[in-house]
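Each chain, letter by letter, is given below.
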There are 2 protein chains.
Amino acid sequence: MRTLALAFDLGGTELRGALVERGGDVIARVSEQTMAEAGSEAVIGRIIALAGKLLGDHPQAKVIGIGACAPGPLDPKAGIVIGPPTLSGWHNVPMIDILSRQFGLPVRLENDANAAALGEWRYGAGRGSESLVFVTVSTGIGGGVIADGHIYHGRRGLAAEIGHMTITGEGDRCFCGNVGCFEAVASGTALGRRATQLTAPGDGSALRRLSGNGDVSARHVVEAARAGDAAARDLVDAEARWLGIGFTNLLHLYSPEVIVMGGGLSNGFDLLAPGIRATIDERAMQAYRDVPIVPAELGDRAGLVGAASLILWEGEPGTALSMVQDEGADTARTA
Amino acid sequence: MRTLALAFDLGGTELRGALVERGGDVIARVSEQTMAEAGSEAVIGRIIALAGKLLGDHPQAKVIGIGACAPGPLDPKAGIVIGPPTLSGWHNVPMIDILSRQFGLPVRLENDANAAALGEWRYGAGRGSESLVFVTVSTGIGGGVIADGHIYHGRRGLAAEIGHMTITGEGDRCFCGNVGCFEAVASGTALGRRATQLTAPGDGSALRRLSGNGDVSARHVVEAARAGDAAARDLVDAEARWLGIGFTNLLHLYSPEVIVMGGGLSNGFDLLAPGIRATIDERAMQAYRDVPIVPAELGDRAGLVGAASLILWEGEPGTALSMVQDEGADTARTA
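Residues numbered from 1 in each chain as written. Chains lettered and ligands numbered in written order. Predicted model: local features only at pLDDT ≥ 70, side-chain atom pairs only at ≥ 80, totals over all residues. Heavy atoms only, no water.

Let's shift gears to the sheet that holds strand β4 (residues 62–70) of chain B. Residue and element names in this part refer to chain B. As summarised here, the arrangement of the five strands in space is β3-β2-β1-β4-β7, forming an open sheet in which the pairing is mixed. Sheet topology places β3 (26–33) and β7 (107–111) at the edges, where each strand pairs with a single neighbour. Recorded for the sheet is a direction-independent mean angle of 15° between the axes of neighbouring strands. As defined by bridge partners, strand β1 (residues 3–10) adjoins strand β2 (residues 14–21) across seven bridges and the pair is classed as antiparallel. When the bridges of β2 are listed, F8 appears paired with G17. Packed onto the sheet, helix α1 (residues 40–57) meets β1, β2, β3 and β4 and runs at close to 150° relative to β3. Along the sheet, helix α3 (residues 112–123) makes contact with β4 and β7, crossing β7 at roughly 105°. (Pairing = 2+ DSSP bridges. Helix = DSSP H or I, 4+ residues; strand = E, 2+ residues; numbered from the N terminus. Axes fitted to C-alpha atoms, helices over the stretch in contact; angles between N-to-C directions. Contact = heavy atoms within 4.5 Å.)

Structure, rendered in structure tokens:
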């Protein structure tokens, strides 16, 4: 029987659960709406029910613990979800305490971007690297940093808030109140907004045809650019330039071995990559220019398998890593 | 007899040597012009001569190793000075090999900003913290990051190139070729340039009186602001705002327990601090606003004592730290 972890990825809209084995394979997967507005107790009740379903469907599973991820800010060491903007009514919810009492299993908690970084590092596009920066470009921009073989947490687990790195003095105001945040100019939302401003309902543009004359989204821009639409291509080029400016900063600041780009906009990675690379070649200091920028491989399961790895791999948070051994090899373990 | 380290701080203009004891006290200190243009062999000859002088003057010193710092880029693990712009003719100089062969002692090498960060962390303004960001604001802007109890190196030791973090789209072009580098808008050089542009020789301004009608430097601006000159105060306020924007990024990206500001411009820290703090309070996300911003304490000996600590404290680079024990306690060491 394989050793498994229960994994949960608690998002603002979707709650996902899975059984994950040590190599990163997802054995079973369930999901439902988070309905965060019902409050933390109701959502935790739903997590418990999902766990019951997964375990009931796999009665032979040898589950050794629970790895969970949730939106930040959260304190991974204390195991507390502090109060994410996307989970209204959540304030200092002690997730680890609640889940470990319920299941009598070890529980680990990590913020979603860090969990996804861990997933891509251990099982995805960053396999084999010593360090990486994972950037998720979607509604907003988030990130996680792996350095010297573990998640870079910083004080209270708050490092790598890369979406709110100021990179310019221009553009629309960010929801955080500033002008010039990486997220405010380079997120999928920002790309969609630029496309919407560039066009008008009923103007016959490819972008508005794709959007049914509603607001244009980043997805429409990528789709139109892929079909060869010139306006969409220009928008993609401008987007790639903003991403390249931000990525150059990440190279200078973290000096990773690789940058992994995930999130919804990574669907257009092939279109964005040349512009990102050209911007880095123009702006990064020589010694950083050969660092690969690659698309994420795990899609929306990165957070789940990363969270599971908190249980299936020893050592997080903050210590050197060694894989949990198979039970047959347990007696050979030295630590 | 106290256990000591020989320390060298190899700068573009000045070469400093010292004998440092474990608590960070400098027992003896020497310096001379680097004369980098004479080439690496001549400079290393001068390092060896300085070491001979320090050791000759202190024949009873129990020196257990040599810690050196030099401008980046350098590879701290391989012990190689790669090719700093301020040391012309230096290309891949194997400092550790050369010095350890010469003296038969362990040698450690670190880049100067990282060494200063280490010095301030172990002996100066960052004592007792788990993590810090050290920022030196002078001709340029450099930095070093301590995270989880050790220097954050990244690939090839190149992390924390914070002077070349893009924070705006405006301002003069940086020597690196970009517009908007933190260094290009917030260094002492940038402040002096703004003051020079604002005034003219013979205009009777306080700034030009201080500069003898030559170009105005950051030091003149600080001096005039301290004397109450309104134009200088405005320049200081604008400088503090740029520093605050950059420091906010550092909070979001590294989440340190403290930011330590050193370099020549830290002479004006008391004048800059209110504007830096106001900018952080305006721009940083709530959870980062209570992080202290403090002036460096060690001045130009930060690099020396930090380099010495590479020898006097075990574990760098990259591992957990424990202080080297007194010789009397050596037998009790478990590792």
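Right, let's get into the relation of the copies chain A and chain B. By a simple turn and slide, chain A fits onto chain B: the slide is 0.0 Å along the axis, the RMSD is 0.0 Å, and the turn is 180°. Taken together, the rotation and translation relating the two chain copies correspond to the operation of a two-fold axis. When the interface residues of chain A are mapped onto chain B, 100% of them again fall at the interface, so both copies present the same face. (Least-squares fit on C-alpha atoms with pLDDT ≥ 70 in both.)

What follows covers the sheet that holds strand β11 (residues 258–262) of chain A. Residue and element names in this part refer to chain A. Spatially, the five strands line up as an open sheet ordered β10-β9-β8-β11-β12, and their pairing is mixed. At either end of the open sheet lies a strand with only one pairing partner, and these are β10 (150–151) and β12 (293–295). As paired strands, strand β8 (residues 132–137) and β11 are joined by five bridges and run parallel to one another. For L132, the partnering residue across the bridge sits in β11 and is V258. The strands touched by helix α8 (residues 230–254) are β8, β9 (141–147), β11 and β12; relative to β8, the strand with the most contacts, the crossing angle is about 150°. The strands touched by helix α9 (residues 269–283) within the sheet are β11 and β12, with β12 carrying the most contacts at an inclination of about 170°.

By a widespread convention, an interface's size corresponds to the accessible area lost as its parts come together. Along its sequence, chain A is organised into domain 1 (3–111 + 299–332) and domain 2 (125–295). Computed from C-alpha atoms alone, the centre-to-centre distance between domain 1 of chain A and domain 2 of chain A is 28 Å. (Domains from an automatic or database assignment.)

Here we take up unusual backbone geometry. Look at the link from G72 of chain A to P73 of chain A: it is a cis peptide, with omega at 0°. By the secondary structure assignment, P73 of chain A is in the loop between β4 (62–70) and β5 (74–75). In this structure, M35 of chain B is a non-glycine residue whose phi angle is positive, near 45°. Along the chain, M35 of chain B falls in the loop between β3 and α1. When its relative accessible area of 41% is taken as the criterion, M35 of chain B is described as partly exposed. Positive phi outside glycine occurs at N92 of chain B, with the angle close to 55°. Note on placement: N92 of chain B falls in the loop between β6 (80–81) and α2 (95–103). (Buried < 20%, exposed > 50% of the residue type's maximum accessible area, 1.4 Å probe, protein only.)

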